[in-house]
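One-letter residues, chain by chain:
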Amino acid sequence: MTSLPDAPQTTPSSVPIILDGWQGDDAERAGGDGRTRTGSAGSDHWGPSDRLFAGLNPQQREAAEYRGQALLIVAGAGSGKTSVLTRRIAGLIESREAWPSEILAITFTNKAANEMRERVEHLLGGKAQGMWISTFHSACVRILRREAETIGKTQSFTIYDSGDSRALLKRIIKELDADTLGFTVGAAANRISKLKNELTDLETHARSANLSDPQEVMFLEIFRQYTRELRRANAFDFDDLIAETVFLFRAFPRVAALYQSRFRHILVDEYQDTNHAQYSLIRELTMPVAPEIVDDLEEHGRNVRPLRDAAGLIPAASLTVVGDSDQSIYAFRGADIRNIVEFERDFPGAKVILLEQNYRSTQNILSAANSVIANNFDRKDKKLWTAVGDGEKIVGYTGYSGHDEAQFVADEIEKLHSAGMDYKDIAVFYRTNAQTRALEEIFIRSALPYKVMGGTKFYERAEIKDSMAYLITVANPDDILALRRILNTPKRGIGPATETQLASYAEDNGLTFRAAMRDAASLGLGPKVTNAILQLSNLLDEAASKIDPSNPTGVSTVADVLTFLLDGSGYLEVLRNSRDPQDEARAENVDELVAVTREFARNNPDGTLVDFLTEVSLVAAADEIDDSSGSVSLMTLHTAKGLEYDAVFLTGIEEDLLPHRMSANEPGGPAEERRLFYVGITRAKKRLFLSLAMTRAQFGETAVAMPSRYLQEIPADLIDWRQSPGSANGRGGTQSRALNARRPGIGGGTGSGSGGGWNDSLAASTFRQERPKAEWPNRVTGKVRDNGDLELEPGDRIRHTDFGDGRVTAVTGQGAKRVAHVQFEKVGAKKLLIKIAPIDKL
């Protein structure tokens, strides 16, 4: 029989997010006043003081006070769910309906667990000691360490993070030569993770595998060796922590009973984000304990008699889950929206309470969110409302291009900042990381302080550095760092030993590394490696000939050279064919770089490859601007979940971006994208801006961008539409192009995420009429210039490539961070980072 070691009573747990106190269960049940507690709903208890529930609205208070077997709190965005959860926990303890050690509260992040723990401690003080407040993984680690011997491990088992797992898989794939069948570390890791989150172990998967498929056979071998190596190392990976705990409970009912009898109140936050393994863990913990197992527990010294009902079993623990199906946006991570949608079916008799009063946003913002999400089916209907008033109208903007849109965002941020809003209270959201490029370029040029949250700046991303390294080696064959970066990227069998041989051969013979590559046949390497080096060398030589001024066919554009290198090396093809979902985003970023080169050619008809590399290096190396009010936050919509800002800019509200083109063929894809839009809208507290562009670079080409179907779903009277000067309006300039979808025959209600209700032929003819004419310039470009020596003073007149003539009103900052404040004749006030602004002093 597995027993649980006592925890020392004198000190709280050393793990900051878990308050543990196993030792007190039996003593506590007797009650400090001599009364025996039953622990069941409706037992004799003292009501919590009103101070615990002060300030709660009626629905929140009902959720905090309800006592029953199962409770679903449908908590709309900004409706105070954390407050309800913490008051509910505090109420249970204060009224002595539960001892702290009988409470298990599960969150998804350590930050959320810390916040919940601090709030409960603030409400109750020392009485809170003994609770488990933790993430799924933290709770499972504690259970597995206690029960390690039961499952053939030692308590000192190691936990492999994603980096460790990938390193192990990399070695296995290399030893099996699995890369010859197209296996990558990322794809194998994702597939194994998905199987484990579905509670499918190696043996189960092997029984259903297609053994006539060589790829499937190879994957099974990778999975088998990976599982064996983890076992040999006395280690678990992150996905094992939950899956193995579920397996433990199912295989050893007496062990499960220890935790089922201990945790009488289980609370789960963000329930809409649970995957199958997490759902199964909760189901196991809320199972009733059979009479024969209860008898066994009592025989082994567990005082569980007060918990037994008339039938002799221990009833299932009380379960409270909090979530919002409208904010379920992590299907790609395995989150199953059915867990919350079907809660009442899983737990018959469950109580459902809606929290609809919002304490974050204005009513205009909430009305837009309500109107959008109402188009999704299979959801609990709710209408968010607020008592703070309508607030400002939402601002909509249609620009010519991504840079035009980015300039609008930068200008509006400056207006908000000038009106007293700190930069740190402003955020810009986008659907894909590739969209940051135009935003970053304009923000840098406009001397706007910003930070990319949960991501890497565009020119610092590995795939962009790889692609740029190909161009650098063509422009500067002596750059050994760039050469070494691309030598085996993508993988072509040239390992570190070969690289060292090439370097030694070059040094011994007084050659450059590049020349040594051309002479690879003299190194005595194997034919496969020699051929790979020569193929790369020939590719670079041919690319170099394309930019040679003496080339009889003329000098190729930077875009053509980059495309030639990407095609010839197979770099982009490898990304696109990868099974790693992250490689899809990387391919989009490389496509965006191709679009950058095309844009460079339009802005600089005579620009060379060296000019392009110089321009990029200026943008990439621009110093970050410091500001006492912090930085504007740039992030994807997925990263934005759970955050809030005074002002939010939602950019790129276009078809193929939002909803993303990849969602079109996925079941429930457009509906999930609509939830993503809803999450973005509901992050805004006071001001919301929606923007789109008429043209957008996609797959390296600039194409006409279609307004998102979701824009039709927002009532017209909630948005104040603006657009670029000129003919950016639709149909003769009578209204914003983004609203064309409202015209009869082109739009209407969208149904349940099906297709947006567009009339294809009419929509196509409309956008053919609107295709940008030659006289429509991109009003804002991404041009930069090296102005390192330019001195400006108040009163100086300047001419800007995009904004025309203006007068300098002030110069702030020092050195490379000098900023010119300029009043332009046509476009008003702007801030410019002097170092790179495309300006001339008049």
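Residues numbered from 1 in each chain as written. Predicted model: local features only at pLDDT ≥ 70, side-chain atom pairs only at ≥ 80, totals over all residues. Heavy atoms only, no water.

K.L.:
Help me understand helix α11 (residues 238-251), please; the structure alone is not making it clear to me.
P.N.:
Count 3.6 residues to each turn of an α-helix, and residues three or four apart come out pointing the same way. An ideal rise of 1.5 Å per residue puts 20 Å on 14 residues; α11 measures up with 20 Å between its terminal C-alpha atoms. Of the positions making up α11, those classed as buried are Asp-239, Asp-240, Leu-241, Ile-242, Ala-243, Thr-245, Val-246, Leu-248 and Phe-249. At the N-terminal boundary of α11, the capping side chain belongs to Asp-237, with an oxygen 3.2 Å from the backbone nitrogen of Asp-239. (Helix = DSSP H or I, 4+ residues; strand = E, 2+ residues; numbered from the N terminus. Expected span 1.5 Å × (residues − 1). Buried < 20%, exposed > 50% of the residue type's maximum accessible area, 1.4 Å probe, protein only. Polar contact = N/O pair within 3.5 Å; in protein donor to acceptor, adjacent residues only side chain to side chain.)

K.L.:
Looking at this model, I keep getting lost on the side chain of Gln-260. Mind explaining?
P.N.:
For Gln-260, the location among the structural elements is in helix α12 (residues 253-262). A relative accessible area of 6% means that Gln-260 is categorised as buried. Polar contacts involving the side chain of Gln-260 include one to the main-chain carbonyl oxygen of Glu-284, which spans 2.7 Å. When near neighbours in sequence (up to four residues on either side) are disregarded, Gln-260 contacts Glu-284, Leu-285, Met-287, Pro-288 and Val-289. (Contact = heavy atoms within 4.5 Å.)

K.L.:
For this particular structure, what's the right way to read the packing of helix α4 (residues 81-94) against helix α5 (residues 110-124)?
P.N.:
The geometry of a pair of packed helices is captured by two quantities: the angle between their axes and the separation between those axes. Contact pair α4 / α5: the axes reach a minimum separation of 9 Å and the direction vectors enclose 45 degrees. Classified by the angle between their axes, α4 and α5 sit oblique to one another. Note on packing geometry: the crossing formed by α4 with α5 is right-handed. Here Thr-82, Ser-83, Leu-85, Thr-86, Arg-87, Ile-89, Ala-90, Ile-93 and Glu-94 of α4 come into contact with α5, specifically with Glu-115, Met-116, Arg-119, Val-120, Leu-123 and Leu-124. A breakdown of the residues in the contact of α4 with α5 according to their chemical character gives eight nonpolar, three polar and four charged. (Axes fitted to C-alpha atoms, helices over the stretch in contact; angles between N-to-C directions. Parallel < 35°, antiparallel > 145°, perpendicular 65-115°, else oblique. Left-handed = near helix turned anticlockwise from the far one by under 90°. Nonpolar A, V, L, I, M, F, W, Y, C, P; charged D, E, K, R; others polar.)

K.L.:
Hey, could you run me through the sheet that holds strand β10 (residues 426-430) in this one?
P.N.:
Spatial strand order, β11-β12-β10-β13-β14-β9-β17: seven strands in an open sheet with parallel pairing. Of all strands in the sheet, those with a lone pairing partner are β11 (450-452) and β17 (719-723), marking the two edges. The mean inter-strand angle of the sheet, taken between neighbouring strand axes irrespective of direction, is 20 degrees. Relative to strand β14 (residues 684-693), strand β13 (residues 645-650) runs parallel, the two sharing five bridges. (Pairing = 2+ DSSP bridges.)

K.L.:
What should I look at first to understand the sheet that holds strand β18 (residues 797-800) in this one?
P.N.:
Paired through their backbone hydrogen bonds, the strands of a sheet run either parallel or antiparallel. One open sheet accounts for five strands, arranged β21-β20-β19-β18-β22; its pairing is antiparallel. Whereas interior strands pair on both sides, the edge strands pair on one side only; in this sheet they are β21 (828-833) and β22 (839-841). Recorded for the sheet is a direction-independent mean angle of 35 degrees between the axes of neighbouring strands. Summarising the sheet, β18 and strand β19 (residues 804-812) pair through four bridges and their orientation is antiparallel.

K.L.:
So what exactly am I meant to see when it comes to the nonpolar core here?
P.N.:
One recurring pattern in soluble globular proteins: nonpolar side chains tend to sit buried together. Ile-413, Val-428, Phe-443, Leu-471, Leu-565, Phe-612 and Val-632 are the most contacted members of the largest nonpolar core, which has 92 residues in total. The element best represented in this core is helix α24 (residues 527-546), accounting for seven residues. Core analysis: the second largest hydrophobic core is formed by 49 residues, Ala-139, Val-246, Val-255 and Leu-285 among them. (Core = buried A, V, L, I, M, F, W, Y, C linked by side-chain atoms within 4.5 Å.)

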